[in-house]
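The chain contents come next:
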Amino acid sequence: MRLAARHRAIAAVLPLAAVPSLMAAPAPARAAARPAAGPTGVGARSALLYDVTAGTTAWSRAADTERPIASITKVMTAVVVLHEGGLGRKVTIKRKYLTYARKHDGSTAALHAGDKLTVRQLLNALLLPSGCDAAYALADTYGPGKKRFIAKMNDAARELGLAHTTYANFDGLPWPTATSTRSTARDQVRLAGYAMDDAVFRGTVARRTYKLTRTKAHHAYTWTNTNRLLGSYKGAAGIKTGTTDAAGYSLLFAARRGGHAFTGIVLNSSTTDERARFTDAARMLDWAFGTTDTYRVPPAPTNTPTD
């Protein structure tokens, strides 16, 4: 897989790629005031907060420790698809995509066999409800086939300088083992910088819901984003949740207030409390923005996956 030369240069030169979309407003004259010691009360085993505006890492914990990343894997799935293009391409949903997701007890977009959906629509099914069925459909189409697609993911990781990242599958599910797909906080924030440079990706992960009305080609769908920072934390702009028993509850996130932007990640905030990742992210961002707001995680929407 050959990435655009400009982005290969970014990956080679910068320790973490910037997020141009979060830089629309002029940078403030002074950085947000915050205690030097770092945010308090963050329970994640690994974490990193990158100051996009300043171009520096604001705070980190075990940022280079390799860990399973669960469905955060789907960020790279989307990157490979977006690089190859053809967002208007029609994909027929095969029954094996649905069987696969059920077999592995993965989160789904509740796709229907026989439906014909565009790649653009499937990216929403991939990134909002974290559909493993959508991930398989995209991997099968763009590999073509699972093995070739996974090889493309690993090629992209090498080109972007993600030296501590290995993709064993296209969705982060725990196969062939619970830790086969793994990365680090630093690598994934770097990948987020690259992904958020794409307008389609940026717009998709910032979307709280996506609806499709029924047509002759497909059923009606409503997909809700599993990232509950959106709409509840001021300035939140994405990016992706992830959960398995081995990975714990994790979150790759981005936010911007005024002219200051941050991208961050928490890996394994908890193995029992799915809200902990959102609380961890909010505490890191509050520290970064110099605010003292009290953040409360909104309840999960009814009948939607938490991933």
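Refer to the preceding data block for the structure.
Rules used throughout
Residues numbered from 1 in each chain as written. Predicted model: local features only at pLDDT ≥ 70, side-chain atom pairs only at ≥ 80, totals over all residues. Heavy atoms only, no water. Helix = DSSP H or I, 4+ residues; strand = E, 2+ residues; numbered from the N terminus. Buried < 20%, exposed > 50% of the residue type's maximum accessible area, 1.4 Å probe, protein only. Contact = heavy atoms within 4.5 Å. Areas by Shrake-Rupley, 256 points an atom, 1.4 Å probe, with all protein chains shown as cover. Pairing = 2+ DSSP bridges. Arc of directions from axis to C-beta. Core = buried A, V, L, I, M, F, W, Y, C linked by side-chain atoms within 4.5 Å. Axes fitted to C-alpha atoms, helices over the stretch in contact; angles between N-to-C directions. Left-handed = near helix turned anticlockwise from the far one by under 90°. Nonpolar A, V, L, I, M, F, W, Y, C, P; charged D, E, K, R; others polar. 1 Å grid on protein atoms, 1.4 Å probe; cavity = no way out; pocket = protein on both sides within 12 Å on 5 of 7 lines; lining within 4 Å. Points joined across faces, edges and corners; volume = space filled by probe spheres on them.

(A) Summary view of the overall build of the chain. Within the chain one finds 9 helices and 11 strands. Within the chain, the proportion of its 307 residues that are buried is 58%. For the chain, the proportion of contacts with a sequence separation of at least 24, taken over those separated by at least 6, is 68%. For the chain, the exposed area adds up to about 12,500 Å²; of that, 50% sits on carbon and sulfur atoms.

(B) Local environment of helix α5 (residues 132–142). By the criterion of burial, α5 is predominantly enclosed, with 11 of the 11 residues buried. All of the buried residues in α5 are C132, D133, A134, A135, Y136, A137, L138, A139, D140, T141 and Y142. Buried-residue contacts for α5 involve α2 (74–84), β4 (90–92), α3 (95–103), α4 (119–127) and α6 (146–159).

(C) Layout of the environment of Y295. Residue position: Y295 is located in the segment after α9 (276–289). Other than its neighbours up to four places away in sequence, Y295 contacts R228, L229, S232, Y233, F278 and A282.

(D) Focus on the pairing of strand β10 (residues 248–257). By the criterion of burial, β10 is predominantly enclosed, with 9 of the 10 residues buried. When strand β9 (residues 236–244) meets β10, the two strands line up antiparallel, connected through 8 bridges. Paired with T243 across the bridge in β10 is Y249. Following β9, the chain reverses through 3 residues before pairing antiparallel with β10.

(E) Inspection of α3 at higher detail. All of the buried residues along α3 are Y97, L98, Y100 and A101. Each buried residue of α3 sits inside an arc of 160° when the element is viewed along its axis, so together they form one side. In α3, the exposed positions angled more than 90 degrees off the buried face are occupied by R95, R102 and K103. Here the buried face of α3 lies against β4 and α5. In the stretch just after α3, D105 is the one whose phi turns positive, near 55°.

(F) The arrangement of the nonpolar core in detail. Within the largest apolar cluster, 69 residues are counted, with the highest numbers of intra-cluster contacts made by M76, L111, F170 and F201. If one sorts the elements of this core by residue count, α5 sits on top with 8 residues. Setting aside residues no more than four positions away along its own chain, L111 makes contact with I93, L98, L117, L122, A125, D133, A134, Y221 and W223. Residues L230, L251, M284 and W287 belong to the second largest nonpolar core, which totals 24 residues.

(G) Just the pairing of strand β2 (residues 56–61), in detail. Bridge analysis of strand β1 (residues 46–51) against β2 gives 5 bridges, and the strand direction is antiparallel. Within β2, the position partnered with D51 by the bridge is T56.

(H) Quick peek at the packing of α2 against α5. At their nearest, the axes of α2 and α5 sit 11 Å apart, and the two run at 40° to each other. For α2 against α5, the interelement crossing comes out left-handed. In contact with K74, V81 and E84 of α2, α5 contributes C132, A135, L138 and Y142. Split by residue class, the contact of α2 with α5 holds 5 nonpolar, no polar and 2 charged.

(I) Geometry of the layout of surface pockets. Its boundaries defined by the atoms lining it, the largest pocket holds a volume of some 370 Å³. Sorting the residues of the lining of the largest pocket by element identifies β9 and β10 as the ones contributing at least two each. Grouping the amino acids of the lining of the largest pocket by side-chain chemistry returns 7 nonpolar, 10 polar and 3 charged. The computed volume of the second largest pocket comes to approximately 150 Å³. Taken together, R208, T209, T224, N225, N227, R228, L230, G231, S232, P298, P299 and P301 form the lining of the second largest pocket.

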